Amino acid sequence: MGRNCHPLLSGRRSKAEKYNHGLSSAELLALASLCEVFLPPLPSVSLEGKEDRPGQALESFYKASGAQAPVPDKVAEIVVKRLLTEAVILIRVVLLMLSTKLGTLMLCGSLCLSEKWPYINNFSSMSLEKREKVLQKWFKNWIFTPVRIAFVTLKIFCLFVFFCQLDENGKNPAWEAIDYHVENDEDVSEVQQERPLEKGIVETMYETDSTIVHSLTQKGLQVTKDSKQKVYKIKCDVVIVGSGCGGGVAAAVLASAGQKVVVIEKGNYFTPKDYSLLEGPSFEQLYESGGILPTTDANMTILAGSTIGGGSAINWSACIKTPKSLLQEWAGDYKLPLFGSPDYLSAMDIVWERIGVTENCVQEGFQNQVLRKGCKNLGLDVERIPRNSSENHYCGSCGHGCKSGDKKGTDSTWLVDAVNHGAVILTGCKAERFIIEKSDNGSTRTMKCSGVIAKALNNDIRMKFQIETKATISACGALLTPPLMISSGLKNQHIGKNLHLHPVLMAWGYFPDSNLEFKGKNYEGGIITSAHKVVSADSEVRALIETPEFSPAKFSVFCPWLSGIDFKQTMLKYSRTAHLITIIRDRGSGEVKVEGRISHKLDQLDKENLKAGLRQALRILIAAGAVEVGTHRSDGQRLKCEGITEKEVEQFLDTVYAAEGPKSPVENWMVYATAHQMGSCRMGVNEKEGGVDENGQSWEAEGLYVCDASVLPSAVGVNPMITIQSTAYCLSKRIAESLREQSS
């Protein structure tokens, strides 16, 4: 059965698909041998049966192997395409070693020895049982951690590829076995058919050098072709790089103020009818780096939007206003009056109304039912989380785009306002650098910005775009704004520093189908509709406990791998395993000065707060009636709950902590997650305190502004969408006023 969606989101691949990873046959054989260990073929008798699942589906899942084509080739493609150069080199060295007898002896020790000639086996010639023992040892090895990281990375990619791959019917054979269902088109009765941004959008993937000028002029832009410089020169009042929570709001405000606005976005434009809800293609098309973006030390995996609407198109709908205590901190400690002003409070109300926030939920999904019940049984407070959707919105797949069109991201709100006021949106277009020149107008700033140089990602457009403007706004997010500014020649010390990520650790609890109190599956229902705050003795918020969207590939990536059989048994419990995430307001921070090269370090208080949140999440799951709970620590930390005493629970909780990452010299480790990025070009009262001023303008270049999460002075501590949009609204209002004054 086919799936009616955008071709880029269908996951369909040519039968004669070609791979460009460049791995040798020996490297690929070693990789396939590793993939077989992570996901081994097993006899059906070795797994606990599930009477409610079709026997054929279970049998197929038992026999499935990570070595089966095209998994190894696709893993190799991801390695080469997505990882930093040094990581690619590391993995290829490990694969080369495993393809030789001597290298295998160095990495596997006596396990590769044989009683028969030639006495030493290379990795692919070893038995599956011995290969599994090798990886079990390496996952615990705390001395040569770079090698461990190589194996962990390949495990992640192998499982990610396996659970994302699709057959000719657009399904994954394993889904039925693990009780996972993706909505078909007939399941969505009323899907928005029109393209709300059509009158203002130019999609470069459909253009060529012979058509692009006409398409741009048709939208009302002044365009000239400069063949000598090999650029298309576009004149407008304001150019905005990025279309997410910052850029979308800024585009609407400035276009409504009468400015001719051009928005450039490297992602593509999709509407509700385009979405497939399929993990693989959705990650590839809607997320930065295809959803595979680790920190340089591999401690944390980062999710960030990369499509029209940015993060607002794929976030989980949570709408929380900036905490009053934080506004007081930013206005007082950071000396930024904006955050203590009536203008900011008014902006939050305007944002709240424009994106259609509702404060009730008619029907909660499985995971939120668990969170609410566990808190109730413990006598803990639970807050209902407002969402930018209707009260009836029962969608657990908004992380892959909202198929129903109920969620109100910037792609269906602020950007619609922008194009209705004449804004033009150029998709598939990546900014390369800002046009920075010396300033000679007597300004305190020594430079000025007159626009941006960008290129189409479609090779049929070979000439670049030179967009010349009165004001240039960087709104491409806290991960991309700093590298763009630095590559343009800006040198303020705060650009790329102070990066905050709201680090996340997760606890899980298994609730069998026999538990009839909780309805549904973990992938059904509103993603975040409830939350619990973990507070200290003096009422300070230490952590926020919420529920995540956790489709099969994500689940498999974070699931600790102890053995092939343990992993498959765990996956069979997938649909009734509830996860609770612990989010903290990180005091530690990181850096991002080069695109894709991201670092972050927790401080001791962060680790203590994560530990407190993780332990509380486990208490909640136990109190809700889970038969088994655990964390994602590499040793598979877990506790059987039936008949457990309070003393035994506390003894278990005493062993729970925020472990270091896989690169650290420890036996047991964790991989952290994050979906919020902020603070990497923070606002400051002067250039010694921040990268931009209180109007969002660069301290170095006049006419260059930042209007995204980069400008936030510190971590927010709650889901930041409302804070980002409200800040962007205030800053863009000030930019509009400044432009009005310049023209008068």
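Along each chain, residues carry numbers from 1 onward, in the same order as the chain's sequence is written. Totals for whole chains, interfaces and linings use all residues, but because this is a predicted model, local features are given only for residues with pLDDT of at least 70 and pairs of side-chain atoms are given and counted only at 80 or more. To obtain the side-chain values, all non-hydrogen atoms of the structure were used and water was disregarded.

K.L.:
I'd love a proper account of the environment of S125, names of residues and values included.
P.N.:
Runs of E in the DSSP output that reach at least two residues are strands. Runs of H or I that reach at least four are helices, and both are numbered from the N terminus. Summarising the element assignment, S125 is placed in the loop between α5 (101-108) and α6 (128-140). The spacing of S125 and E207 is 82 residues in sequence and 51 Å in space, taken between C-alpha atoms.

K.L.:
Give me the nonpolar core: which residues, what numbers.
P.N.:
In this structure, V75, I240, L254, I264, F465 and I473 are the most contacted members of the largest nonpolar core, which totals 190 residues. Considering each element in turn, this core owes the most residues, 14 residues, to helix α7 (residues 145-164). If we skip the residues at most four places from it in the chain, F465 touches I212, L216, Y232, I234, L426, C429, V452, I453, A454 and A456. Grouping buried Ala, Val, Leu, Ile, Met, Phe, Trp, Tyr and Cys residues that are joined through side-chain atoms within 4.5 Å yields what is termed a nonpolar core. Buried residues are those whose accessible area, probed at 1.4 Å on protein chains only, stays under 20% of the maximum for their type, while exposed residues exceed 50% and partly exposed ones sit between those limits. In terms of nonpolar packing, the next biggest core, distinct from the first, is built from 46 residues, F366, C375, A478 and A617 among them. The contact criterion used is simple: two residues touch if any of their non-hydrogen atoms lie within 4.5 Å.

K.L.:
Can you explain the sheet that holds strand β12 (residues 471-474)? Please cite residues and give values.
P.N.:
Strand pairing is assigned whenever DSSP detects at least two bridges linking the two strands. Taken together, the 6 strands give an open sheet; going across it, the order is β1-β8-β5-β4-β12-β23, and neighbouring strands pair in parallel fashion. The sheet is open, and its two borders are formed by β1 (201-203) and β23 (704-706), each paired with just one other strand. Sheet twist, expressed as the mean angle between neighbouring strand axes with direction ignored, is 20°. Bridge count for strand β5 (residues 261-265) against strand β8 (residues 424-427) is 4 bridges, and the pairing is parallel. Every axis in this analysis is a line fitted to C-alpha atoms, fitted for helices over the stretch in contact. Angles between the N-to-C directions lie between 0 and 180 degrees.

K.L.:
Requested: an account of the domain arrangement of the protein, with residues and values cited.
P.N.:
Domain start and end points were adopted from an automatic or database domain assignment. Per the domain assignment, the segments of the protein are domain 1 (17-178), domain 2 (201-317 + 404-499 + 683-743) and domain 3 (366-384 + 502-674). Here the C-alpha centroids of domain 1 and domain 3 sit 27 Å apart. At the junction of the two partners, domain 1 supplies 38 residues and domain 3 supplies 30 residues. Once two parts are put together, the accessible area they lose, assessed with a 1.4 Å probe and summed over both, is termed the buried area. In total, about 3,000 Å² of surface goes out of reach between domain 1 and domain 3, with carbon and sulfur atoms giving 64% of it. The term salt bridge refers to a pairing of a side-chain nitrogen on Lys or Arg with a carboxyl oxygen on Asp or Glu at a separation within 4 Å. Our count for the contact surface shared by domain 1 and domain 3 stands at 1 salt bridge. Here a polar contact is taken to be a pair of N or O atoms separated by no more than 3.5 Å, where protein atoms must pair a possible hydrogen donor with a possible acceptor and residues adjacent in sequence count only if both atoms sit in side chains. Between the two partners, domain 1 and domain 3, sit 15 residue pairs in polar contact (both at pLDDT 80 or more). Secondary-structure elements contributing two or more residues to the side of domain 1 that touches domain 3 are α1 (25-38), α2 (55-63), α6, α7 and α8 (173-178). With 10 residues, the top contributor of residues to the side of domain 1 that touches domain 3 is α7.

K.L.:
Account for the UniProt feature "active site" (unreviewed entry) in the protein, naming residues and giving values.
P.N.:
UniProt positions are given in the numbering used here, feature names are shortened, and annotations may be inferred rather than shown by experiment. UniProt tags H676 as "active site" (unreviewed entry). Looking at where H676 falls in the secondary structure, it is placed in the loop between β21 (672-674) and β22 (701-702). Residue class for H676 comes out buried when judged on its relative accessible area of 14%. Not counting residues within four places of it along the chain, the set of residues in contact with H676 comprises H500, L501, H502, N719 and P720. A polar atom in the side chain of H676 sits 3.0 Å from the side chain of H502.

K.L.:
Talk me through the environment of L480; I want residue IDs and the actual numbers.
P.N.:
With respect to the helices, strands and loops of the structure, L480 is situated in the loop between β12 and α17 (481-487). Using a relative accessible area of 14% as the deciding quantity, one classes L480 as buried. Residues L480 and V592 lie 112 residues apart in sequence; the distance between their C-alpha atoms is 8.0 Å. Setting aside its immediate chain neighbours within four residues, L480 contacts K266, E288 and E595.

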